[in-house]
Structure formats: structure tokens, C-alpha cells
Amino acid sequence: MIFFYSNQTGTTLYFKSLIKKKKDCFLFIKKNKFNLFKNELNNKSIKNFSELYLFYKKINPKIFFISATRDKIEDKIIRLSKKLNFKVVSVIDYPTNLNIKKRFVGKTLNLLPDKIFVPDQFTLKKMVQIGYPLKKILVVGNPYLAEIKKIKKNNSKNKVLLLDQNFPNHDYLKHLKKLKKNLEDLHENFDFNIRRHPDNLKTLNEKKIFIKQLYKDNCKFLDSYSHVIGHSSTMMSIALLKGLNVLSYNPFLKKDFNCPLFERGLIDEGKKIKDIINFLILKKKTKKKRILNSNINKKIFFI
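Residues numbered from 1 in each chain as written. Predicted model: local features only at pLDDT ≥ 70, side-chain atom pairs only at ≥ 80, totals over all residues. Heavy atoms only, no water.

Asker: Which parts of the structure should I look at to understand the environment of alanine 146?
Answerer: Among the secondary structure elements, alanine 146 is positioned in the loop between β7 (137–139) and β8 (159–163). Among the residues examined, alanine 146 registers a relative accessible area of 26% and is labelled partly exposed. When the C-alpha atoms of alanine 146 and isoleucine 238 are compared, they prove to be 9.6 Å apart, with 92 residues separating the residues in sequence. (Helix = DSSP H or I, 4+ residues; strand = E, 2+ residues; numbered from the N terminus. Buried < 20%, exposed > 50% of the residue type's maximum accessible area, 1.4 Å probe, protein only.)

As C-alpha cells, then:
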């Protein structure tokens, strides 16, 4: 039996894509964030580590896959693995912030998991530069992104999706609302919509729609848009794989706070309103290539 624990949307999608139709896996998800998954087979929403530990004692799994988000439950899983001798693999599904202290609770490298799965070589090289041990990192791709299909024919014109982002100490939604108003005043022939980050959704119905669109429909709703603008959302990778025009809007001056797609040279970055206007008017096509390694070797996950 293999256990999975996730406390965020991207890793939950990653894990659920990975373990489809497998019976020897159990997925634990953070309560109040993903309650809509609680009635599915081999899924359980939990509040704290003690709930998860009860299952561990009954089943005694040999491998534990976890997200990498400086979460207390993740921290306790890694600590327990050192005592009870089971393996822990931490998954970075989308490398927005790779700093060790931001990704893991512990202040020393001793609290790192046995392995860290990353989506591409660019991530691996950057993590090694930061200070991660090379022997702990393995490039495996992203099984959810590998399922995204390019739009065969996009009839959408001048329809723009603005993606919210949930940053600590930064109100990105406020920037997006201001941007939307300015753009609507300048471009009446464009239709602008803001999509809230899942952590900022208020109603149960909004959360249900979100889960259905992402997990069951593989983001088919994006097919009705021509342009996607956000900071560093996973949705931007999905939009790029679908063949849409994608731009990173980064109004912040913070160092090392760029979109991974921009860092890889796959999309442009806009900091001011004129950058966004140029992007919309010129309709500059983003590079048509797979962004992340889609050659998922699923055997590697179940050794």
C-alpha cells in the first residue's frame, strides 16, 4: 500500500492522475480545502496528523508521497519516516518557489524527504544551485499536465482570462481588478473575466464547479478563451499546452518572484499596463512546445 498526502490543488490533481484505477493507494487530503473528494474511493479528508497516523498503524505503508508546501503534517510524516523506516517522496508539481526554507518546515537539510520529484531539468538545476542535494532530486514530469490536449480549432477571439493567485502578504486579486478596469476602459472589444484562486472561493457551488472543471473536464472551459494572463498559476501551463496566448503579469518588485514559464523563455512577462496592451494587440503567439516533461514513467512511482 502507498499513501499520498496533499494540502494543495496542484499536487492533488497530480496524485489523482497518477493513481487512477489503482487499488493499492490511499490519498489523504487536507480537510476544508478538498472536502468534495471525500466520498471517492480510497480518499479521506483529514484535519491533523493523528488521523493519518491511525491509518498508518493499521496498514503500515512502505512509501509516502507528499506535497512540498511547508505544511506541519508533511513535516511530521518526514520526521516519522526517520523513526519507522519508510520512504517519503515529496512532489513539486509546479516550481513556483523552490527555496528550501519556503518548501520545508525544518531549518536543516536533515528534514528533507528521501526523494523529491520535479517536473523538468530546469527545476533540478535551479534546486541544486539553491542547495538541494542532487542525489535526492528526480525528474519525472507531471501526469496531470500530460493529459492536457491541444485545442484543435479555437474560434474564441478577444476573450481574456485573468487568473488570481494566492500569495502570502501580496493581494494579487487587487492588482487584477485594477488591471481589468483599466483594460476594459481601453479595449471595449475585449471580454475580460477574473478566475479566483481555489483558496479564495467562497461558496460550496463555486468549489464544486472548480473541482469538476479541473479534475473531471481537464480544464475544457479554457477552450473558450483566446488569452490567459496570470502570475505563475498552474492554469497558465495548461493554457499554454492548449495553444492559447499566455502572459505573466508581475507587478511586484520582489526578487526571484517570476513565473517559471517566463524563466524558461516560454512566455513573456508584463509589469505595466502598456505591456499587457501590447500583448493583446499584437496577439504574439507563445512558443508551441510541451512545457514540462510529459513522458511520465509511472513505474518509477511504485518501486
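Asker: Is there a simple way to explain the packing of aromatic side chains in this structure?
Answerer: Working definition: an aromatic ring pair is given by the centre-to-centre distance plus the angle between the planes. On inspection of all chains with the given rule, the structure shows 20 aromatic pairs. Plain terms: the ring middles of phenylalanine 3 and phenylalanine 26 are 6.2 Å apart, the flat faces sit at 55 degrees to each other, and that makes the pair tilted. Here phenylalanine 26 lies in strand β2 (residues 25–30) and phenylalanine 3 lies in strand β1 (residues 2–6), a separation of 23 residues in the sequence. Its relative accessible area of 0% is what places phenylalanine 3 among the buried residues. Consider the rings of tyrosine 56 and phenylalanine 86, whose centres lie 5.1 Å apart with planes at 45 degrees: the pair is tilted. One end of the pair, tyrosine 56, is in helix α2 (residues 49–59); the other, phenylalanine 86, is in the loop between α3 (72–84) and β5 (87–91), and 30 residues separate them in sequence. Judged on exposure class, the residue tyrosine 56 and its partner phenylalanine 86 are both buried. Three or more aromatic residues joined by ring pairs form one cluster here, namely Phe3, Phe26, Phe28, Phe49, Tyr53, Phe55, Tyr56, Phe64 and Phe86. Taking the ring centre of tyrosine 225 as reference, the NZ or CZ of lysine 159 above it sits at 4.9 Å. (Phe/Tyr/Trp six-rings, centres within 6.5 Å; stacked < 30°, edge-to-face > 60°. Lys NZ or Arg CZ within 6 Å of the ring centre and 35° of its normal.)

Asker: Honestly, the packing of helix α6 (residues 172–186) against helix α10 (residues 273–282) in this entry has me stumped. Any pointers?
Answerer: For any two helices packed against each other, one specifies the inter-axial angle together with the distance between the axes. The interhelical angle for the contact between α6 and α10, taken along N-to-C directions, is 55 degrees, at an axis separation of 11 Å. By the angle between their directions, the pair α6 and α10 is classed as oblique. In terms of crossing hand, the pair formed by α6 and α10 is right-handed. Of α10, the residues touching α6 (which contributes Leu179, Asn182, Leu183 and Leu186) are Ile273, Ile276, Ile277 and Leu280. (Axes fitted to C-alpha atoms, helices over the stretch in contact; angles between N-to-C directions. Parallel < 35°, antiparallel > 145°, perpendicular 65-115°, else oblique. Left-handed = near helix turned anticlockwise from the far one by under 90°. Contact = heavy atoms within 4.5 Å.)

Asker: Honestly, the layout of surface pockets in this entry has me stumped. Any pointers?
Answerer: Over the atoms a probe the size of a water molecule is rolled, and this reveals where empty space is left. Within this model, the largest pocket holds a volume of roughly 1400 Å³. Around the largest pocket sit 48 residues that line it, and Gln8, Thr96, Gln165, Asn166 and Phe167 are the ones nearest its centre. Sorting the residues of the lining of the largest pocket by element identifies α1 (9–18), α4 (100–103), α5 (121–130), α7 (204–216), α8 (234–241) and α9 (260–263) as the ones contributing at least two each. In the lining of the largest pocket, the residues fall into 16 nonpolar, 17 polar and 15 charged. (1 Å grid on protein atoms, 1.4 Å probe; cavity = no way out; pocket = protein on both sides within 12 Å on 5 of 7 lines; lining within 4 Å. Points joined across faces, edges and corners; volume = space filled by probe spheres on them. Nonpolar A, V, L, I, M, F, W, Y, C, P; charged D, E, K, R; others polar.)

Asker: It is not clear to me how the sheet that holds strand β10 (residues 227–230) should be interpreted in this structure. Could you clarify?
Answerer: Each strand in a sheet pairs with another by means of backbone hydrogen bonds, the pair being arranged parallel or else antiparallel. As summarised here, the arrangement of the five strands in space is β9-β8-β10-β11-β12, forming an open sheet in which the pairing is parallel. Edge positions in the sheet fall to β9 (191–195) and β12 (268–270), since each has one partner strand and no second. Averaged over all pairs of adjacent strands, the angle between their axes in this sheet comes to 25 degrees, without regard to strand direction. Here three bridges tie β8 to β10, and the two strands are oriented parallel to one another. Bridged to leucine 161 within β10 is valine 228. (Pairing = 2+ DSSP bridges.)

Asker: In this structure, what is going on with α6? I would like to understand it.
Answerer: Think of an α-helix as turning once every 3.6 residues; residues three or four places apart then point the same way. Helix length check: α6 (15 residues) gives 21 Å between terminal C-alpha atoms against 21 Å at 1.5 Å per residue, within 8%. For α6, the full list of buried residues reads Tyr172, Leu173, Leu176, Leu179 and Leu183. For α6, the arc enclosing every buried residue in end-on projection is 115 degrees, short of the 170-degree limit, so these residues lie on one face. With respect to the buried face of α6, the exposed residues turned more than 90 degrees away are Lys174, Lys178, Lys181 and Asp185. Among the structural elements, β8, β9, β10, β11 (245–249) and α10 are those in contact with the buried residues of α6. For α6, the N-terminal cap is aspartate 171; the gap from its side-chain oxygen to the backbone nitrogen of leucine 173 is 3.4 Å. (Expected span 1.5 Å × (residues − 1). Arc of directions from axis to C-beta. Polar contact = N/O pair within 3.5 Å; in protein donor to acceptor, adjacent residues only side chain to side chain.)

Asker: It is not clear to me how the sheet that holds strand β6 (residues 115–118) should be interpreted in this structure. Could you clarify?
Answerer: Spatial strand order, β3-β2-β1-β4-β5-β6-β7: seven strands in an open sheet with parallel pairing. On the outer flanks of this sheet lie β3 (43–46) and β7, each paired with one strand and no other. Neighbour-to-neighbour, the strand axes of the sheet open up by a mean angle of 25 degrees, direction not taken into account. With four bridges connecting them, β1 and strand β4 (residues 63–66) associate as parallel partners. Directly across from phenylalanine 3, in β4, lies its bridge partner phenylalanine 64. Along the sheet, α1 contacts β1, β2, β3, β4, β5 and β6; its crossing angle with β1, the most-contacted strand, is approximately 155 degrees. In the packing of α5 onto the sheet, the strands contacted are β6 and β7, and the crossing angle to β7 comes to about 165 degrees.

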